[in-house]
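Each chain, written out:
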Amino acid sequence: MDFLSLHSRFYYGEKMKHIKLFLIFTSITLLAACSSLLLEPAQFSWPIESVLKVDKDGFVNEERHSINFNTKALFFEETQDSLSFAGKTLHLIRNNEGYYFMTSTDFKNVYVFSVEKNAFSLQNTILVNETGLSNPAFNQRSPYIELLDDAKTYKLTFEGIQEGVK
Amino acid sequence: MKRLLINNVLLMMFLLTSTMLFAQSDYEMVQSFKERYQKLSDGIKLATNLEDLDNLSLEIDNLKRDFSAKRGILDESLYPENFNSAFENLGSSLDLRREDFTSITVLQTEVTTLKSEVDLLNRRNNELINQITVIESQRKKDAATIEKLEKLVADLRTTILKRDQLIFSIVDSLTPKLAGDVSTMTQQDKEQVYSQVEKNNLLAVVKKSLRDNSRFLEVTSLKASDLDAVKNEQQNFVTMWRKIGPKLVDVYATKGDKSAELKDIDNLFNVWSNRIRKEAWESINEEFSLNNINLQNFNNGDDFTNVLSQYIADEIKNYGVKSKEDSENAYTLFADSVWFKTISSEWMPYLIDNKLLATEQKDAIEKKISEWKSVVSPQSLTWLYAVAGLAIVFIIGLVILLRKKKTPTDTTQVQS
């Protein structure tokens with residue numbers, strides 16, 4: 001092995017080492033930049049449901065938590081009737097994880113929403129009663145949301161009914 | 001067997017009830033609590049006596065007991081209050097309202113005491129008025145009788161004043177609600193004021209006082225300073241009545257015959273005012289009578305001026321008919337013993353200040369008195385004769401002196 005070949009091997013070996021270090025450093029920096037800051041644990045549950053009167057334009061206003069939104073699309077989704085919101089009341093509660101559960105009298109389903117920018121985004125539709133709920137009410141029974149309908153009780157999570165009718 | 005069946009039914013009912021109980025909506029439970037809470041809160045405001053508050057206190061205890069098992073969820077749901085602070089608020093409201101009633105009870109006790117004092121003073125006033133009437137009716141009044149009369153009048157004045165002050169206190173105690181705007185009073189407030197006024201017989205007490213004050217003026221003959229005090233007293237009464245009278249009219253608006261009683265009071269105020277006006281003229285007339293000067297009655301400034309001017313004119317006309325001594329005595333009695341001594345110095349400021357007599361009228365009477373004086377005791381001319389005599393003597397003396405000075409000059413001229 002002559003001097004030149006020895007020099008060439010040493011030179012390229014060092015260069016590769018530098019490239020590897022650079023790649024590792026860049027990867028770590030990129031990974032750190034991609035991860036978000038988490039504040040946990042957090043609990044979002046409301047102690048009791050809110051029973052909200054739907055106004056003539058389809059809006060409901062929850063004063064204690066300062067929430068105001070339009071329910072027309074929800075009533076249309078449930079009934080396929082664009083005017084079915086008139087004179088109705090909406091039952092609304094938030095569970096520990098932060099999902100919002102909504103239903104109303106004569107609804108067959110409970111709708112589970114999460115929050116997006118200026119909107120509620122539907123996460124799940126839970127079919128509860130094929131004939132419609134006659135007198136629904138939510139209770140906070142962490143980790144569940146308890147749905148009462150007359151004498152029937154359902155335990156709900158955002159994924160669906162966890163326990164059947166009592 | 002039958003017993004077993006009953007037990008089963010009871011067990012089923014218990015289970016069903018338990019299920020229903022467990023299946024209760026938290027929202028409805030909280031709403032039920034809030035409704036009962038609100039009812040109790042309103043009940044405290046609307047309570048009319050301590051007994052109502054005692055009953056409410058028991059209901060508050062029941063509410064607390066009924067919902068103590070739900071304390072946790074109520075703590076979270078009653079934001080910004082919680083279970084304990086909600087009951088603390090009810091307790092505070094209850095205590096405050098209880099203090100209101102305690103104060104009212106104390107005030108009512110005070111009013112009852114004041115009312116019995118007023119009754120006592122009313123009886124005393126009647127006795128004094130009767131005694132004064134008897135003495136006034138006696139034709140002859142010796143010094144002892146006059147002294148007794150004056151003492152009785154002073155006593156009566158004191159008791160009337162004291163009684164009126166008590167009436168003011170009763171009005172103050174009974175009508176705290178009348179202090180504000182009566183149009184904002186609810187029908188319930190008006191009923192409360194009405195029942196308080198009726199319970200304490202306030203209108204009758206005020207009427208009695210007004211009548212007594214008028215009667216006092218009827219049976220007594222007052223000096224100007226006394227009448228000033230009476231007028232002040234009347235003004236205080238008028239001020240008090242103006243404050244509550246129109247409001248009571250509103251409160252009594254639906255009470256028919258009772259509202260007539262308020263009109264009576266207004267009339268009695270007018271009677272009293274007229275009586276005070278009349279009292280001044282009667283007292284002045286009596287002042288002349290006491291000095292055996294009998295004048296016609298007068299009730300106003302014009303009459304007074306006319307009667308006195310006529311009396312003086314008659315006396316001037318009678319000069320020469322009556323003896324000179326009688327005429328002079330009549331003038332002295334009228335002018336020196338009555339007019340300048342009492343009327344002009346004591347009554348005139350009262351009459352003019354209260355616009356019962358104009359300054360021009362006073363000047364007219366005094367001008368008449370001056371005329372009378374010039375007739376009764378014309379100015380003596382002796383001093384005029386003396387001055388004229390002295391002047392003549394002075395002139396004669398001056399002439400003689402001048403002549404004496406002239407004579408020696410003529411002699412000198414002859415010699416030269």
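The preceding data block contains the structure.
Residues numbered from 1 in each chain as written. Chains lettered and ligands numbered in written order. Predicted model: local features only at pLDDT ≥ 70, side-chain atom pairs only at ≥ 80, totals over all residues. Heavy atoms only, no water.

Caption draft 1: View of the overall build of chain A. When helices and strands are tallied, chain A shows two helices and 11 strands. The helix and strand sequence of chain A, counted from the amino end, reads α-β-β-β-α-β-β-β-β-β-β-β-β. Within chain A, the fraction of its 166 residues that count as buried is 37%. Once local pairs closer than 6 in sequence are excluded, the contacts in chain A between residues at least 24 apart make up 42%. On chain A, roughly 10600 Å² of surface is accessible, and the fraction owed to carbon and sulfur atoms is 58%. (Helix = DSSP H or I, 4+ residues; strand = E, 2+ residues; numbered from the N terminus. Buried < 20%, exposed > 50% of the residue type's maximum accessible area, 1.4 Å probe, protein only. Contact = heavy atoms within 4.5 Å. Areas by Shrake-Rupley, 256 points an atom, 1.4 Å probe, with all protein chains shown as cover.)

Caption draft 2: Region of the structure containing the pattern of salt bridges. The full count for this structure, using the stated rule, is 10 salt bridges over all chains. A salt bridge links Lys56 of chain A to Asp57 of chain A; the shortest N-O distance between them is 3.5 Å. Of the residues examined, Lys56 of chain A reaches a relative accessible area of 72% and is grouped as exposed. For the salt bridge of Lys207 of chain B with Asp264 of chain B, the shortest nitrogen-to-oxygen distance reads 3.5 Å. With Lys207 of chain B in helix α8 (residues 202-219) and Asp264 of chain B in helix α10 (residues 257-290), the pair connects residues that are 57 residues apart, well separated along the chain. Under the relative-accessibility criterion, Lys207 of chain B is labelled buried at 11%. Salt bridges sharing common partners tie together Arg141, Glu146 and Lys155 of chain A together with Asp26 of chain B. (Salt bridge = Lys/Arg side-chain N within 4 Å of Asp/Glu carboxyl O.)

Caption draft 3: Summary view of the interface of chain B and chain A. Across the boundary between the two partners, chain B contributes 10 residues, which contact 11 residues of chain A. Three residues, Ala23, Asp26 and Tyr27 of chain B, lead the burial of chain B against chain A; their summed loss comes to 47% of the area buried on that side. Between Asp26 of chain B and Arg141 of chain A there is a salt bridge, with the nearest N and O atoms lying 2.8 Å from each other. At the surface where chain B touches chain A, the tally comes to four residue pairs in polar contact (both at pLDDT 80 or more). Elements with a minimum of two residues in the side of chain B that touches chain A: α2 (26-46) and α4 (71-77) of chain B. Of the residues in the side of chain B that touches chain A, the class split is five nonpolar, three polar and two charged. (Buried area = accessible area lost by both parts, 1.4 Å probe. Polar contact = N/O pair within 3.5 Å; in protein donor to acceptor, adjacent residues only side chain to side chain. Nonpolar A, V, L, I, M, F, W, Y, C, P; charged D, E, K, R; others polar.)

Caption draft 4: Expanded view of the nonpolar core. One finds Trp241, Phe288, Phe304, Leu308, Phe334, Trp339 and Leu351 of chain B to be the most contacted residues of the largest nonpolar core, which totals 75 residues. Of the residues forming this core, the biggest block, 11 residues, is contributed by helix α12 (residues 324-353) of chain B. When sequence neighbours within four positions are dropped, the list of residues in contact with Phe334 of chain B reads Phe288, Ile293, Leu308, Tyr311, Ile312, Trp339, Ile369 and Trp372 of chain B. Ranked by size, the runner-up nonpolar core spans 29 residues in total, among them Val54, Phe75, Phe85 and Tyr154 of chain A. (Core = buried A, V, L, I, M, F, W, Y, C linked by side-chain atoms within 4.5 Å.)

Caption draft 5: Focus on the packing of helix α9 (residues 224-251) of chain B against α12 of chain B. Residue and element names in this part refer to chain B. At a closest axis distance of 9 Å, the pairing of α9 and α12 adopts a crossing angle of 25°. Viewed along their axes, α9 and α12 adopt a mutual orientation that is roughly parallel. Residue-level contacts link Ala224, Leu227, Asp228 and Lys231 of α9 to Glu346, Trp347 and Tyr350 of α12. Its residues assigned to classes, the contact of α9 with α12 shows four nonpolar, no polar and three charged. (Axes fitted to C-alpha atoms, helices over the stretch in contact; angles between N-to-C directions. Parallel < 35°, antiparallel > 145°, perpendicular 65-115°, else oblique.)

Caption draft 6: Expanded view of the sheet that holds strand β6 (residues 109-116) of chain A. Residues and elements named next belong to chain A. The five strands lie next to each other as β1-β4-β5-β6-β7, forming an open sheet whose pairing is antiparallel. If you trace the sheet from one side to the other, it starts and ends with β1 (50-53) and β7 (119-127), each paired once. In this sheet, adjacent strand axes meet at a mean angle of 30° when their direction is disregarded. By the bridge criterion, four bridges tie β1 to strand β4 (residues 89-94) in an arrangement that is antiparallel. In the strand pairing of β4, Val51 is matched with His91. Along the sheet, helix α2 (residues 72-79) makes contact with β4, β5 (100-104) and β6, crossing β6 at roughly 145°. (Pairing = 2+ DSSP bridges.)

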